[in-house]
Amino acid sequence: VAAGTGHGAARARQCRPAAGGAHAVTASPIRPRFAAIVLSLLAAGLLLSAPVPTWAAAWQPPWLTLVLAYWCLAQPDRVGIAVAMLLGVLQDALTGAPLGQHALAMVLVAAAVLGAHQRLRVLPLAQQALLLLPLLAVHQLVLALVTGSTGRPVTLAMLAPALSGALVWPWLFLTLRDLRRRAGR
């Protein structure tokens, strides 16, 4: 549901009396949950851009994809395929990757999480991480296929971020859930 439409639009606008007795529509301030989504995605983008030692670069989790997966799980009506596409194109521009590489990979992950979000939400975090592992592996394989088509070598080491992403999932889930709950107050 786009901002300003749907069931939340009535709450987003308030009707207040203006001069002369007429009513004017004013926009309400940014909602805390929307701010939490945006800030967490920005933080993930910063983690993506953060310098890491060369030995750890191969194991760097796909932070933006993980945060996207969380919000698709927690707020499927607000974060979906369009957000995944936008984030992927932004990540391509940020990292200098071929345009659409990360977008395709993120759309696949978002679609899978959205399709199973009701089942995933009720699972323990360890099982969520185990189910997220193949999704992250598909993410990495899409990136590897596009990278391989540009002439760069493709190795099994390209799957390391999927494993590290599954390992940090429980911690990331709890952190973002706490952020979401605080923003809901």
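Here the structure is a predicted model, which is why all the values come from computation and not from measurement.

**Q** In this structure, what is going on with helix α5 (residues 81-95)? I would like to understand it.
**A** Working note: α-helix, 3.6 residues per turn, so residues spaced by three or four point in the same direction. End to end, α5 covers 21 Å across 15 residues, agreeing with the expected 21 Å (1.5 Å per residue, within 8%). Those residues of α5 that are buried lie in contact with α2 (32-49), α4 (63-74) and α6 (101-121). Where α5 ends, the next residue or the one after it, glycine 96, has phi of about 75°, a positive value.

**Q** Got a minute to help me understand the nonpolar core in this structure?
**A** Considering soluble globular proteins, one finds that nonpolar side chains tend to be buried as a cluster. Membership of the largest hydrophobic core comes to 37 residues, with the highest contact counts inside it found for Leu68, Trp71, Val113, Leu132 and Trp169. Only α2, α4, α5, α6, α7 (125-149) and α8 (160-183) provide two or more residues apiece to this core. By residue number, the principal contributor to this core is α4, which donates 11 residues.

**Q** In this structure, what is going on with the packing of α2 against α4? I would like to understand it.
**A** Axes are the key here: two packed helices are described by the angle between their axes and the distance separating the axes. Where α2 meets α4, the closest approach of the two axes is 8 Å, and the angle between their N-to-C directions is 160°. It follows that α2 is roughly antiparallel to α4 by the angle criterion. Seen from above, α2 lies across α4 with right-handed handedness. Contacts from Ala36, Ile37, Ser40, Leu41, Ala44, Gly45, Leu47 and Leu48 of α2 reach α4 at Trp63, Leu64, Val67, Leu68 and Trp71. Split into classes, the residues belonging to the contact of α2 with α4 amount to 11 nonpolar, two polar and no charged.

Rules used in this analysis
Residues numbered from 1 in each chain as written. Predicted model: local features only at pLDDT ≥ 70, side-chain atom pairs only at ≥ 80, totals over all residues. Heavy atoms only, no water. Helix = DSSP H or I, 4+ residues; strand = E, 2+ residues; numbered from the N terminus. Expected span 1.5 Å × (residues − 1). Contact = heavy atoms within 4.5 Å. Core = buried A, V, L, I, M, F, W, Y, C linked by side-chain atoms within 4.5 Å. Buried < 20%, exposed > 50% of the residue type's maximum accessible area, 1.4 Å probe, protein only. Axes fitted to C-alpha atoms, helices over the stretch in contact; angles between N-to-C directions. Parallel < 35°, antiparallel > 145°, perpendicular 65-115°, else oblique. Left-handed = near helix turned anticlockwise from the far one by under 90°. Nonpolar A, V, L, I, M, F, W, Y, C, P; charged D, E, K, R; others polar.

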